[in-house]
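Fold and geometry: a report
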Amino acid sequence: MALCDEHFLTWVINQTERSIRKYDMFTHEDRVLIAVSGGKDSLALWDVLNRLGYQTAGFYVNLGIDDETAYSSKSYQLAVDFAQKYNLKLHAFQVDKTYGATIPEMAALSRRSKNKTCSICGLVKRHSFNKFAMENGFSVFVTGHNLDDEVAVLYNNTLSWQLDFLRRQAPVLPAKPGLIKKAKPFCRFYERETAAYALLRGIEYIEEECPYADGSTTIAIKTILNQLEHNHAGTKLAFYLKFLKAKPELFPQLGESLVPQDLLFSCPGCQQPTPKEGDCAFCRLISEVQTKKMAK
Ligand code: FES
Ligand code: ZN
């Protein structure tokens, strides 16, 4: 589609609203918490939802990734600047202040092996977002995942036939006891579209990737998918949308909501749901890190 700057901006706003309605993500009555990383997707999403008149607040998790890249300090400052510019509420949470260690420190102390830093980071972020949203009366939690992100996850999970993850992949995950509803309003936009939106709006965002993303599987998969898309435009969108369409047939036991309703256990430490009985992965990580820190 060839659109001028102004019509492109309007198109992004209208398409976002369409996705929100189509997938029943939230309404104007909902209090929406946005995961803000300081990157283009989350800031563009915040901008769009704000222009659409939704009740939003941002939540920034300071991971303490402050090596020579100063990734956390820079991204935090950009999130603060954005919130101030539009007079929006940004909540910030500092991992090391609450748990006694930054994400890189946790990775150094933990005995987990695979993709250590990123998987620990994901675990801590998911837990913190959910906890904050539940304790502060938000009804839905949204992230800026775009089509490229969704397709990379889908491709990876299909390659290894991770049925559990495939079942869970959806634009909306309904709330469960102890878990807030989650939504991805940008799931149908290509990354280049969210980047163009941020650029045309003059949004300043962190352009560098997190230093730990370097060499990750996701980046390798995105490269392959970009090649496919380059040769056959529309491949990514078709892969994602056809997957969503095929889900009822692939997983007939899911019922109408198309995501698993399996009953989860409640973690005795933090009360958040967990797939197995006993402490959840997050609580086990924190107690491991704190024990090792004390022993030092
Ligand atoms: Fe979490 Fe990079 S953003 S490890
Ligand atoms: Zn727990």
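The preceding data block contains the structure.
Residues numbered from 1 in each chain as written. Chains lettered and ligands numbered in written order. Predicted model: local features only at pLDDT ≥ 70, side-chain atom pairs only at ≥ 80, totals over all residues. Heavy atoms only, no water.

Turning to the coordination of the zinc ion (ligand 2), a few remarks are in order. For the zinc ion (ligand 2), the full set of protein donor atoms is Cys267 (SG), Cys270 (SG), Cys280 (SG) and Cys283 (SG), at a range of 2.3 Å. One way to put it: the four donor atoms around the zinc ion (ligand 2) meet at angles of 106 to 112°, and that makes the site tetrahedral. For the zinc ion (ligand 2), the donor residues sit on a single chain with the sequence spacing C-x2-C-x9-C-x2-C. Linking Cys267 in the loop between strand E7 (265-266) and strand E8 (273-274) with Cys280 in the loop between E8 and helix H12 (281-295), this pair joins segments that are 13 residues apart in sequence. Take Cys267 and Cys280: they sit in the same class, and that class is buried. (Donors = N, O, S within 2.8 Å, 3.2 Å for Na, K, Ca; no water. Tetrahedral: all angles 85-135°; square planar, octahedral: opposite > 155°, others 65-115°. Helix = DSSP H or I, 4+ residues; strand = E, 2+ residues; numbered from the N terminus. Buried < 20%, exposed > 50% of the residue type's maximum accessible area, 1.4 Å probe, protein only.)

Strand order in the open sheet made by the six strands is E3-E2-E1-E4-E6-E5, with mixed pairing throughout. In the strand order of this sheet, the two ends are held by strand E3 (90-94) and strand E5 (172-173), each with one partner. Pairing between strand E4 (residues 140-142) and strand E6 (residues 181-183): three bridges, direction parallel. Bridge pairing in E6 links Phe141 to Lys182. Contacts from helix H2 (residues 40-51) reach strand E1 (31-35), strand E2 (55-62), E3 and E4 within the one sheet, and its direction differs from that of E1 by about 160°. Running at roughly 140° to E2, helix H6 (residues 116-135) makes contact with E1, E2, E3 and E4 of the sheet. (Pairing = 2+ DSSP bridges. Contact = heavy atoms within 4.5 Å. Axes fitted to C-alpha atoms, helices over the stretch in contact; angles between N-to-C directions.)

By size, the foremost hydrophobic cluster in this structure holds 50 residues, and its most contacted members are Phe26, Ile34, Trp46, Leu49, Leu90, Val142 and Tyr197. In contact with Leu49, other than residues within four places in its own chain, are Thr16, Ile20, Phe26, Val32, Ile34, Tyr54, Thr56 and Val142. Membership of the second largest hydrophobic core comes to 36 residues, among which are Leu123, Phe138, Cys210 and Val289. (Core = buried A, V, L, I, M, F, W, Y, C linked by side-chain atoms within 4.5 Å.)

The tally for this structure, following the rule as stated, stands at 15 aromatic pairs. With centroids separated by 5.2 Å and ring planes inclined at 80°, the aromatic side chains of Phe186 and Phe189 adopt a geometry described as edge-to-face. Cluster of aromatic residues (ring-pair linked, three or more members): Phe59, Phe93, Tyr99, Phe129, Phe132, Phe138, Phe141 and Phe282. A cation over a ring is seen here: Arg31 above Phe138, with NZ or CZ 4.1 Å from the ring centre. Residue placement shows Arg192 over the ring face of Tyr190; its charged tip is 4.6 Å from the ring centre. (Phe/Tyr/Trp six-rings, centres within 6.5 Å; stacked < 30°, edge-to-face > 60°. Lys NZ or Arg CZ within 6 Å of the ring centre and 35° of its normal.)

Along the chain, Asn157 turns up in helix H7 (residues 147-159). Once residues lying within four places of it in the same chain are set aside, the contact partners of Asn157 are Gln162, Phe165 and Leu166.

Time to look at the pattern of salt bridges. Enumeration according to the criterion identifies 12 salt bridges in this entry. Across the pair Glu17 and Arg21 runs a salt bridge whose closest N-O atoms are separated by 3.1 Å. With Glu17 and Arg21 both in helix H1 (residues 5-22) and four residues apart, this pair spans about one turn of that helix. Classification of Glu17 as buried rests on a relative accessible area of 13%. With relative accessibility at 63%, the residue Arg21 sits in the exposed group. Across the pair Glu150 and Lys184 runs a salt bridge whose closest N-O atoms are separated by 3.2 Å. Taken together, the positions of Glu150 in helix H7 and Lys184 in the loop between E6 and helix H9 (191-201) put the pair 34 residues apart, joining distant regions of the chain. For Glu150, a relative accessible area of 2% translates into the label buried. (Salt bridge = Lys/Arg side-chain N within 4 Å of Asp/Glu carboxyl O.)

By themselves these figures say nothing about function.
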